[in-house]
Amino acid sequence: MNASRLQHIIPAGAIFALAMTVTWLSFTQEPAEAFVFPRIISIAFIILASWNLARAGLGMARVGGGLSSAEARHIFPGLIVMLIYVFFAAKALGFYFASAIAFFAVYSIYDPVPFSSVKDWVKRIVITAAFMAVIYGLFALVLQVQTPRGLLI
Amino acid sequence: MEFLGYFGGVFEPVALLLLLGGTVGGLVLGATPGLSPTMAVALLIPFTFHLTPTQGLILLGAAYTSTVAGGAVSAILLKIPGAPANIATALDGNAMARNGEGARALQLSFLASGVGGVIGVLLLIFLTPVLAVWALKFGPSHLFWIAILGVTVIGSLDSKSFVKGLLSGCIGLWLSQIGYDEIQGTERFIFTDALTGGIHIIPALIGLFAIPQVMEMFAKGRVSAAIESIAVPKYSIFDSVREVARSIRSLSIGTTVGAIVGLIPGVGGQIAGLVAYDQSRKFSETPDKFGKGHAEGIISAESANNAMVGPSLVPLLTLSIPGSPTAAVLLGGLLIHGIFPGSNIFDKHPEVIWTFINSMLLGQILMVIFGLYTAAWAARIAKAPVPIMAAGVLVLAMFGSYSVQQSMGDVHIMLALGIGMYVLEKFGFSAAPLVLGLILGPIAGDYFTNGAMIAAAQNGLFEYFFTGGLNLILIFLVISSIGYSFWTNMIKGTSVDVEARTEVAE
């Protein structure tokens with residue numbers, strides 16, 4: 001499977017924009033001595049990004065299947081869980097509690113077993129609890145990592 | 001023979017326990033599709049913080065060795081390579097398993113891995129001190145070019161598109177420049193507070209290798225992946241030992257290709273296995289049997305995969321240039337324990353490095369023993385439900401990134417890099433050159449700054465970096481690595497063929 005020309009142009013354009021920004025910053029920031037090596041990198045960066053964008057624009061980008069709409073649909077709920085977990089829940093609810101919820105949510109969302117079965121909900125809860133017990137043992141008791149505490153642990 | 005004096009450290013109770021745990025755990029992780037050796041080692045690094053450098057390296061080294069070999073289990077029994085390095089093994093291994101010879105295929109695979117692995121580690125033992133002495137002659141300009149060579153080689157050879165490979169390397173080099181420049185006393189590219197200390201290598205490695213795999217699992221959706229299991233009838237181990245002992249040609253091709261590929265900075269096991277498989281078929285008296293369950297195919301591919309492991313550490317330990325993406329992660333592990341690879345590593349840390357290398361030698365033997373006895377069990381774990389693996393890796397990635405500096409900023413960087421890498425991978429970019437750029441960027445930057453200071457006191461920047469025999473050889477190698485890939489990529493379209501072949505194998 002190969003992605004459409006437009007699909008290749010979007011990431012190639014984004015990388016070109018990043019290369020432009022890096023080049024502009026490298027050549028405008030002071031002191032100049034601190035940016036000599038970044039300038040060398042940025043020159044290579046912008047040449048390659050331009051080449052990549054030109055190849056994408058001309059339909060010559062043959063490598064990479066892109067992201068299908070079905071894949072994007074499947075990823076979406078998991079991505080939302082990840083973002084809420086990392087950027088909000090871990091601090092607000094506490095690291096371990098948020099992790100347990102994230103584990104349970106991801107497991108439940110992607111588990112092919114129908115949601116109607118009570119037995120399978122119990123199984124999910126037991127597996128989540130067992131996994132979190134192992135994580136707690138490893139990180140809190142063995143490695144003694146101090147994690148943020150929110151409303152809970 | 002200095003290494004013989006450091007064998008005692010491997011047999012200390014904690015070290016031996018870590019070696020055993022790393023070997024068995026690595027075999028299981030390697031057999032699990034979707035969990036690559038690189039990701040497994042990256043996720044293990046935070047667990048080494050509370051260990052001594054020697055113990056931490058023993059754990060990482062054992063995991064590195066056995067994940068590569070463990071990937072053959074799912075390749076043979078499920079036709080799903082546990083790692084890219086095992087693609088070639090799946091071709092004949094699964095055909096043999098379908099013919100009712102699954103046990104024979106597994107035994108051949110582990111025995112060949114063991115032979116290749118031991119030869120690889122012996123090369124590591126004997127080549128590293130030689131190269132370390134040679135490396136003493138290198139000045140800042142040479143080391144700068146060697147670091148750049150590491151990025152161009154992996155960018156050119158490890159990617160499906162050499163433009164995208166080199167571009168990934170550039171992105172990695174740029175990311176490595178973010179943070180506070182201690183020499184000039186100024187900030188560079190700091191857009192948010194989380195970036196003040198720069199991008200820490202461990203959260204970056206976890207994000208770049210673990211999160212894309214989690215998202216790849218998400219992308220499959222709620223699919224019940226009914227994996228066909230193949231029965232494994234018993235087979236005499238002695239017959240397998242005799243068969244491997246007779247396969248001198250396949251073993252020679254596999255170990256030679258693996259060792260050479262390992263020594264080339266950044267190339268990695270996938271290429272070693274496929275090249276050895278191709279060469280073994282070319283030199284075989286029965287090339288028609290390849291792909292239909294031929295022992296030579298398994299022996300050459302698996303001996304190459306593991307023969308690559310030891311030599312991939314030679315440029316890592318002496319020049320700070322990893323020989324494979326997993327070795328790049330291992331470099332991160334060395335750095336966090338305050339061990340800076342280089343020509344004087346055997347003078348500064350002889351006990352740590354020799355004990356680590358010796359543990360890899362013993363690890364190869366343990367890998368064969370445990371591999372033979374746990375293969376069927378590992379295959380069962382390989383069928384663990386995808387949602388549990390995705391959720392587990394996500395939580396482990398979160399805890400692993402946080403525990404490095406106990407910083408939420410690291411966790412945010414990990415996730416941002418991971419999501420970005422997933423999207424880039426979908427469009428043919430590769431994580432390995434980006435990681436190498438990220439690791440080698442500060443090294444190249446420091447040597448560039450040191451070289452620039454020397455150049456200012458001598459004849460100028462151009463003369464210092466672009467003249468002299470060794471500089472010119474290294475520049476020639478940098479240009480050759482790019483030129484070779486340009487030739488195969490643009491003129492012959494080889495990389496597309498490789499991609500197509502990989503997809504067929506998968």
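About the cut-offs
Residues numbered from 1 in each chain as written. Chains lettered and ligands numbered in written order. Predicted model: local features only at pLDDT ≥ 70, side-chain atom pairs only at ≥ 80, totals over all residues. Helix = DSSP H or I, 4+ residues; strand = E, 2+ residues; numbered from the N terminus. Buried ≥ 20, exposed ≤ 12 C-beta atoms within 10 Å, placed from the backbone. Contact = placed C-beta atoms within 7 Å. Nonpolar A, V, L, I, M, F, W, Y, C, P; charged D, E, K, R; others polar. Axes fitted to C-alpha atoms, helices over the stretch in contact; angles between N-to-C directions. Parallel < 35°, antiparallel > 145°, perpendicular 65-115°, else oblique. Left-handed = near helix turned anticlockwise from the far one by under 90°. pLDDT = per-residue confidence, 0-100. Expected span 1.5 Å × (residues − 1). Domains from an automatic or database assignment.

Chemist: Please provide a residue-by-residue account of the overall build of chain A, values included.
Modeler: Across its full length, chain A carries five helices and zero strands. Along the chain direction, N to C, the helices and strands of chain A fall in the order α-α-α-α-α. Counting only C-alpha atoms, chain A reaches 55 × 45 × 25 Å along its principal axes. By the burial criterion, 35% of the 153 residues in chain A qualify as buried. Sequence separation of 24 or more characterises 71% of the internal contacts of chain A that already satisfy a separation of 6 or more.

Chemist: Now, about unusual backbone geometry: what can you tell me, with residues and values included?
Modeler: Put simply, E30 of chain A and P31 of chain A share a cis peptide bond, and its omega is 0°. By the secondary structure assignment, P31 of chain A is in the loop between α1 (5-28) and α2 (36-57). For F189 of chain B, which is not glycine, the phi dihedral falls at a positive 55°. Within the secondary structure, F189 of chain B is located in the loop between β2 (186-188) and α7 (201-219). F189 of chain B sits in the partly exposed class, given 18 other C-beta atoms within 10 Å.

Chemist: Outline the interface of chain A and chain B, supporting the account with residue identities and numerical values.
Modeler: Opposite the 51 residues of chain A that make contact, chain B presents 54 residues. Breaking the side of chain A that touches chain B down by element, the ones donating at least two residues are α1, α2, α3 (69-92), α4 (95-110) and α5 (118-142) of chain A. Sorting elements by how many residues they give to the side of chain A that touches chain B places α2 of chain A first, with 11 residues. For the side of chain A that touches chain B, the per-class residue count stands at 35 nonpolar, 10 polar and six charged.

Chemist: Talk me through the packing of α1 of chain A against α2 of chain A; I want residue IDs and the actual numbers.
Modeler: All names here are of chain A. It is the contact of α1 with α2, at a shortest axis distance of 8 Å, that shows an interaxial angle of 160°. By the angle between their axes, α1 is roughly antiparallel relative to α2. α1 and α2 meet at a crossing whose hand is left-handed. For the contact of α1 with α2, a count of residues per class yields 14 nonpolar, eight polar and two charged.

Chemist: Break down the confidence of the model for chain A for me, with residues and values.
Modeler: Considering every residue of chain A, the mean pLDDT works out to 89; 98% of them sit at 70 or more. When pLDDT is averaged over each element of chain A, α4 of chain A comes out on top at 95 and α5 of chain A at the bottom at 91.

Chemist: Describe in detail the packing of α4 of chain A against helix α17 (residues 386-405) of chain B, supporting the description with residues and values.
Modeler: Interaxial distance between α4 of chain A and α17 of chain B falls to 8 Å at its minimum, and their mutual angle equals 155°. The pairing of α4 of chain A with α17 of chain B is recorded here as roughly antiparallel in orientation. Judged by the twist between their axes, the crossing of α4 of chain A over α17 of chain B is right-handed. From α4 of chain A, S99, A102, F103, V106, Y107 and Y110 of chain A reach across to α17 of chain B, where they touch V386, P387, I388, A390, A391, L394, V395 and M398 of chain B.

Chemist: Explain helix α1 (residues 13-31) of chain B to me, and be specific about the residues and the numbers.
Modeler: Taking 1.5 Å of rise per residue, 19 residues should cover 27 Å, and α1 of chain B covers 27 Å from first to last C-alpha, within 8% of that figure. All buried positions along α1 of chain B are accounted for by A15, L18, L19, G22, T23, V24, G26, L27, V28, L29, G30 and A31 of chain B.

Chemist: I'd love a proper account of the environment of R39 of chain A, names of residues and values included.
Modeler: Residues and elements named next belong to chain A. Structurally, the position occupied by R39 is in helix α2. Each C-alpha atom, one on R39 and one on T23, is 6.7 Å from the other, the two residues being 16 residues apart in sequence. Once residues lying within four places of it in the same chain are set aside, the contact partners of R39 are S26 and F27.

Chemist: Requested: an account of the domain arrangement of chain A, with residues and values cited.
Modeler: By the assigned domains, chain A splits into domain 1 (5-57) and domain 2 (70-142). The distance between the C-alpha centroids of domain 1 of chain A and domain 2 of chain A comes to 38 Å.

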